[in-house]
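Remarks on the overall topology
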Amino acid sequence: MKRLLLLMVLPVLVGSALAQQIEPLTPPTGTEQIAITYPVPVLAVSGQVTIAGTVSVPNLSNYFVEFRPLAITGPGTPTPPEGNWFPATLPSNRPVTNNVLGVWNTTTAPDGLYELRLVVIAGGRTQFFRVSPVRILNNPEALSPFASVLAAPTQTPPGVSPSGPAATQAALATLFASQSGAVRTPAAPQPTPALTGPEVVANTNANVRLGDSVAYPTVGSLLAGARAPIIGISSTGSGWYFIQLPNGRTGFISPSVVRVEGSLLGIQVVTPPPVPATPTPVATATPVTQADLALSGIRPEPNPPVCLQAFNVFINATNFGSGPSAGPANVRVQSVHVASGTVASSGTAQVPVLAPGQNFVVVIPLNVGVFYNEGHELVATINFDNAVPDTNPANNTIRFSYTLAQGGC
């Protein structure tokens, strides 16, 4: 019973005195608020520890919590070594008022005495807040290396006030010795912060996701003003809360879109699932055209053409493929003097998109004024400029032979 009472009063009567003895701290003034409110001095902690406090300063850049071991220089007198600070939480730039600063994984350090330091960088200057001592006790069965040093008398020395430093050291010695095994009676249980049922209240319509970032798919939503109980907080240090929706589904929600009501002390740490793999884009194959454009008929009108008289060439275009043509196709016709290869006249026209099996007749006017009474050939070609895909260019050309009549030449 005596040890239990000691555990209850030491954080108030002893812890702050020892913290100031190690390094006095003047609290920030004005609108600046910097503090660690949990864990308190002389508290034994283990496993994943939620560090709570306040960081409310102008021009905040970021803050984080770090820790280092305490050395023992005399009976019951833990003092810090030089340097050797280790990170306890990830950096954050989100202002906090009596809320979670981060999660400290104490299993990465051996059991013993430590001090915590809140480091706040704002407006180009660095400020600190320390809590000391804090005891890591993940293995209560093992004897502490401090047991022999801390086993100091618990009686107040003559002439020393019970509230003086000697009494503080004696009380600490009894507490640490009983926890470490130097006193062979079971250690009194440490008080655990009560979970008061914290909730989030949505500031706006917000997504609830499978994990603690927007890389995860949504599992639900929380409408503006709606509440949801907080089950835990992400172990990654992102600050995302693990909540339960009214339909029973659970997921993570960003701290930037909600406010917290209730105490988060003692809240469990939840590890998000692996981030879903980003699907590899699948290259879309260029569709293969199924059109087969061909010229299936040609004739001049009048027939045969007469020298220096205009005549029309009628050309029949057909799509023999199984799919429509990809766009309009151009047709060109030339009247060629057979003996010399001279192109005596030429013209073009356009064939619209043709469905499978569809025909279209184009009419192209020509006028030939040379090489009368000699052989000529009309040569027509569809898609001569390769403007649209075609599965069989071999049938794109058709020919018609005639002898140019003299007429008025």
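Structure first, text after, so check above.
Below is a short write-up of the structure. From a predicted model like this one, the values you see are computed outputs, not experimental measurements.

Examining the sheet that holds strand β19 (residues 293–301)
The strand order β19-β20-β23 describes an open sheet built from three strands, whose pairing is antiparallel. Edge positions in the sheet fall to β19 and β23 (359–366), since each has one partner strand and no second. This sheet shows a mean twist of 20 degrees between the axes of neighbouring strands, independent of strand direction. Here eight bridges tie strand β20 (residues 311–319) to β23, and the two strands are oriented antiparallel to one another.

Topic: the environment of Ala339
Among the secondary structure elements, Ala339 is positioned in the loop between β21 (329–337) and β22 (343–351). Distance in space between the C-alpha atoms of Ala339 and Gly375 is 7.4 Å, their sequence separation being 36 residues.

Looking at the packing of aromatic side chains
Applying the stated rule across the entire model yields five aromatic pairs. Ring geometry for Phe67 and Phe86: centres 5.8 Å apart, planes at 40 degrees, overall tilted. Taken together, the residues Phe67 in strand β4 (residues 60–69) and Phe86 in strand β7 (residues 86–87) connect sequence positions 19 residues apart. Looking at Phe67, the relative accessible area reads 5%, which means it is buried. Chaining the aromatic ring pairs together yields one cluster made of Phe67, Phe86, Trp104 and Tyr114. The positively charged end of Arg117 is found above the aromatic ring belonging to Trp85, 4.1 Å away from the centroid. Just above the ring of Phe384 sits the side chain of Arg332; from NZ or CZ to the centre is 4.7 Å.

Let's talk about the sheet that holds strand β1 (residues 33–38)
Taken together, three strands build an open sheet; the order of strands is β1-β3-β8 and the sheet is antiparallel. Two strands close off the open sheet at either side, each with one partner strand: β1 and β8 (96–105). The sheet shows a mean angle of 30 degrees between the axes of neighbouring strands, taken without regard to direction. Pairing analysis gives five bridges linking β1 to strand β3 (residues 48–56), with the strands arranged antiparallel. The residue bridging Gln33 from the neighbouring strand is Ser56, located in β3.

How each quantity is defined
- Residues numbered from 1 in each chain as written.
- Predicted model: local features only at pLDDT ≥ 70, side-chain atom pairs only at ≥ 80, totals over all residues.
- Heavy atoms only, no water.
- Pairing = 2+ DSSP bridges.
- Helix = DSSP H or I, 4+ residues; strand = E, 2+ residues; numbered from the N terminus.
- Axes fitted to C-alpha atoms, helices over the stretch in contact; angles between N-to-C directions.
- Phe/Tyr/Trp six-rings, centres within 6.5 Å; stacked < 30°, edge-to-face > 60°.
- Buried < 20%, exposed > 50% of the residue type's maximum accessible area, 1.4 Å probe, protein only.
- Lys NZ or Arg CZ within 6 Å of the ring centre and 35° of its normal.

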